[in-house]
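One-letter residues, chain by chain:
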Amino acid sequence: MEYFLQQLINGLTLGSIYGLIAIGYTMVYGIIGMINFAHGDVFMVGSMVSFIVLLALGVTGGSGAFMIIFALALVVVIAMLIASVYNWTIERVAYRPLRGSFRLAPLISAIGMSIVLQEFVRIAQEGRPKPMQPLITGGYELMHRTLAEGGDFTVKISNMQIMIIVSTLVLMTVFTMLIQRTALGRAQRACEQDTKMASLLGINVDRTISITFILGACLAAFAGLMFLLYYNVTDFFIGFLAGIKAFTAAVLGGIGSIPGAMLGGLVIGMIEVMWSAYFSVEYKDVAAFTVLVMVLIFMPQGLLGKPEVEKI
Amino acid sequence: MSVAPKNNSSSDDSKALTTSALTKDLISTAIITLLVLIPIVAMKTVIGQGIISIVYRFGMAFALTGIVVGTRLFLHLFVWHKAPSAGSKSTLTSGLKSVSFSETITKYIAPGLLIFALLFPVFTFFHPIWDKRVMDLAVYILIYIMLGWGLNVVVGLAGLLDLGYVAFYAVGAYAYALLSTVYFPQWFGTGILPWAFYITLPVAGLLAATWGVVLGFPVLRLRGDYLAIVTLAFGEMIRLVLVNWFSFTNGPQGISVPKITFFGLPFKDAPGSFSDFFGIQFNRIHFYIFLYYVILTLALITYFVTKRLRRLPIGRAWEALREDEIACRSLGINTTTTKLTAFAIGAMFGGFAGSFFAARQGFVSPESFVYIESALILAIVVLGGLGSQIGIVFSAIAIMGSFELFREMDFMKVVLPSGTEPIQFRMLAVGLAMVLMMRFRPRGFVTKREPTVFLKEKKSVSGDLVAEGHG
Amino acid sequence: MMNWTKDPELQVQHLTMRFGGLTAIGDLSFDAGRKQITALIGPNGAGKTTVFNCITGFYKPTEGMIKLRHPDGKEFLLERMDDFIITQKAKVARTFQNIRLFSGMTLLENLMVAQHNTLMRASGFTIGGIFGSGHFKRAENEAIEKCKYWLNKVNLTERADDAAGDLPYGAQRRLEIARAMCTNPRLLCLDEPAAGLNPRESDELNKLLLSIRDDHNMAILLIEHDMSVVMGISDHIVVLDYGRKIADGTPNEIKNDPAVIRAYLGVEEDENEVAVGSVKVADLVNEGLAVHANVPTRTVPKVSASPKKPVATKTVVKKPAAKKGGRK
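Residues numbered from 1 in each chain as written. Chains lettered and ligands numbered in written order. Predicted model: local features only at pLDDT ≥ 70, side-chain atom pairs only at ≥ 80, totals over all residues. Heavy atoms only, no water.

*Asks:* Break down the overall build of chain C for me, with residues and values.
*Replies:* Each helix and strand counted, chain C has 14 helices and 10 strands in total. Across the 328 residues in chain C, those meeting the buried criterion constitute 59%. Considering only residue pairs separated by 6 or more positions, chain C has 65% of its internal contacts joining residues 24 or more positions apart. Summed over all atoms, the accessible surface of chain C reaches about 13900 Å², with 52% contributed by carbon and sulfur. (Helix = DSSP H or I, 4+ residues; strand = E, 2+ residues; numbered from the N terminus. Buried < 20%, exposed > 50% of the residue type's maximum accessible area, 1.4 Å probe, protein only. Contact = heavy atoms within 4.5 Å. Areas by Shrake-Rupley, 256 points an atom, 1.4 Å probe, with all protein chains shown as cover.)

Structure below.
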């Protein structure tokens, strides 16, 4: 029971990160109907930029709390800015000119873009993993089981985990408000429904799509920072696996649905953590891929998505 | 990424160019390029002796930005704003010319290539580049041509985007490795070993085909992006199993396997070997030349079988499936079996190639079967022109050859920052090529589709009409 | 002329199709006679294409039975069969409202694909074909002969080696019909074959359909808005509105059926119906069935290819509730 609780906390943390990336997939899919294959790599860029800026600022776990908070705030802004620029550029260069081309064209372009980003970062920053001293330490003991009760085990939640879960919640709330309450969100939802009609009604479709990419990149960059702080390491390749898992989350939640992406992220995080805890760590990725395959085959509309009727 | 912003805003390109607009455009290009470059390129993190430090390379970032802005300025001044009528006219006429020109020349391309390929080792014999490196490169290119032709059945003909093709390559390689090192000695004794490749080859093909069906079955209903990502997941799953199933596959250490023999005669400097049997001087090159002819044979089998299949009802059904799946079903075509046969045939060729790869290498490990290999094979098919077999030959030569060139380009080191080798840029170049190709020549090098049957006259179908499949 | 009930090729009974909460077809029953052209008409959104999709297996109906009887007595329950099996075994072929040709393949190839199953068997499921068996060669030549026949029939022989996507619209429609015929069907389902055709082309289409019916002994099921086609060639008309059958009879009976006219023109019964009806009037003017006080009477004669006089508008509007025996 205690062990399970601990895994639940870990799963929630990991799931939050996946969920944040998944939103980017789901929004882009919703609006232009393609998988932004390079999205996982934008997450990686966010993580890498966070690492570089933290290193440049020279903050360590020993710096004062104020300093750390200030530095993190700065890092969030910079990482979001840079990731947005990347994702915006990707859309302008690799996807926008292909609108109206045959269906596989943007997908192949996206695969190419994903390779470009990975290789670009690998060449510029070397391929070796970048380790980092833990920045946020400490935590709380939630429960303790003694040896007499069947094994020494302490259920802990670290400050880092609290931060990830809470900030994800805050970000999600802000984001949902943005989509539901503002003109931008309305434009975005209109484009999802019918791009052509939206443009006839005076919505600037190109701009709306650009903004969608930027929003997705912001969330991915934030997830990248959280990933860095949680695992204390980053490299040029993290975007590949995280990308596939986040995509799985988006599909599981029902592609196009933002709460779905978050829910899917949590489920995938849980599955991965539980699988590692109870079965085998080696096959945790296989488990995640299996979920992807199962969902796509048996439940392509996902948990919160709408079923698609084939139009003949 | 450095070329990134120069293709911006195709929609404004036709606008008349004013100085202020140009300045604005260049300044925004510069800002965006700088933002892209500054943290990643200009601040290089270096790990050394337990300390991570940053090496600042702002000069490089500014230089690259200068190049990007300069290129964009050049494009603005000399390319994008030229009167479109003149431009389109010239492309039109040259297009027309190239149609008739290409139609006369395509007749001779395939036989010409075939003769060249058959004689290639002889050329090297008379030439000082008689060199095992050249033969090895040729073998390497042929493997990718064969893989491209195999994947072409699935992606180019049936229109099913498979991002996990390397899985079948792996199945073929491991089938050879495990059968020849573990099972054949057990079943038939070690005497069989010199013949292992020839016995395993069909088995490997069949196994890979079976896997093609097994993995194809669950994804039948999926299309486009979903199909791509599921096949990618399958490819990775197979690799992960190869890495982790230690007792069966020996995990990441891989397996050493016997190399290919000349129908039982090994290539080594010893009695009972190839050179001994024919009474000639032992030379490593014999091994490479033999490898070359084996892979050439396999590749030609792939070529001719696929060509033949295209003219049979099954091949026509594949192409029809790519064009419109619903229409296929309305004509009584069982799309399930049609898709599965495409997967199976494609996988079978992948399995043959994998088996050969293992026999050439003498060693297999999961590292050879990563996702990027699938992407590379896909890039070859895409650049060659989906569905075009000759196009694939050229794109495989271009991509694999350029990899080799990257390795040779020592002079590039002058331009490149210290510590970077040109070879590191090869996948970056492939990725960029995929993006640019989709942008400027989405149908690949060869855009025409040859009809499979005709009444009076064989007319190629323009690539614009050919659907590339919804999945 | 009630022979469609005696020995029907196709019997649709109590067909119901629901999508979520929406009932697209409700309890629809009708028969389509042998060697007859049966037209399925009704306002947009009446569920006609859904009926087609149920018959050809693309949708599985929620309830009901669709029975096909070949002249040799073989019976098929279409609602239980997969779409491609329906074409293969039950011999039903169809065309699509928005043309679905293999546009990157030549006309000849399009027709060859339609003979896939025959050729597949002849090629020994590819194995014989790969080694170039003579049996397959003969089968292929026969298939090409058949393609030639149908290309000639739809006047496209000249363009046999062009890409289907290069054809003008009307020719694409004809090619789609030829392609469907190459599957050797017993029942041909055409979804708006005359849509977008000019008068000369739709005249040619009429001749083609009559020839398919008479020379090839086919049953044809037809969805069409073009009343000149419907009235000109159908033997039997079934009218749908909101997924329900409102009339069923010969063209003459249908023309006089008040329920039909009500459905097409709309009556001030409830708001909803009026709204739908008023939208339809515009269509009907184009299609020649429009009979409305505001519409000049010269549009009316187009309706009557038959000698019967057009329906008097006023009576219809005044007596909206009157139901005639034409409804079964």
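*Asks:* Would you mind going over the pattern of salt bridges in detail, with residue names and values included?
*Replies:* What the rule picks out here adds up to 36 salt bridges over all chains. Two residues, Arg200 of chain C and Glu204 of chain C, come together in a salt bridge whose shortest N-O distance is 2.9 Å. Placement of both Arg200 of chain C and Glu204 of chain C in helix α9 (residues 199-216) is noted, with a separation of four residues, approximately one turn of the helix. Assessed through its relative accessible area of 54%, Arg200 of chain C is described here as exposed. Among the residues examined, Glu204 of chain C registers a relative accessible area of 27% and is labelled partly exposed. Salt bridges linked by common partners bring Glu91, Arg96, Arg99 and Asp206 of chain A together as one network. (Salt bridge = Lys/Arg side-chain N within 4 Å of Asp/Glu carboxyl O.)

*Asks:* Let's hear about the environment of Val430 of chain B: which residues, and what values?
*Replies:* All names here are of chain B. On the secondary structure map, Val430 appears in helix α16 (residues 426-440). The exposure class assigned to Val430 is buried, which follows from its relative accessible area of 5%. Taking the C-alpha atoms as reference points, Val430 and Ile380, 50 residues apart in sequence, are found 9.3 Å from one another. Residues within four places of Val430 in sequence aside, it is in contact with Leu376, Ala379, Ile399 and Phe403.

*Asks:* Any details on the packing of aromatic side chains? Residues and values, ideally.
*Replies:* All names here are of chain A. What the rule picks out here adds up to 30 aromatic pairs over all chains. Residues Phe237 and Phe240 carry aromatic rings whose centres are separated by 5.3 Å and whose planes lie at 25° to one another, so their mutual orientation is stacked. Classification of Phe237 by relative accessible area gives partly exposed; the value is 40%. Overall, Phe240 belongs to the buried group, its relative accessible area being 8%. (Phe/Tyr/Trp six-rings, centres within 6.5 Å; stacked < 30°, edge-to-face > 60°.)

*Asks:* Can you lay out the pairing of strand β1 (residues 8-19) of chain C for me, pointing to particular residues and giving the numbers?
*Replies:* Put simply, side chains in a regular strand alternate between the two faces of the sheet. Residue and element names in this part refer to chain C. By the bridge criterion, eight bridges tie β1 to strand β2 (residues 22-33) in an arrangement that is antiparallel. Residue pairing in the sheet places Arg18 in a bridge with Thr23 of β2. Between the end of β1 and the start of β2, which pair antiparallel, lie two residues, with Gly20 showing a positive phi angle near 60°. Here β1 pairs with strand β4 (residues 63-69) via five bridges, running antiparallel. Each bridged residue has a counterpart across the sheet, and for Gln11 the counterpart in β4 is Lys67. (Pairing = 2+ DSSP bridges.)

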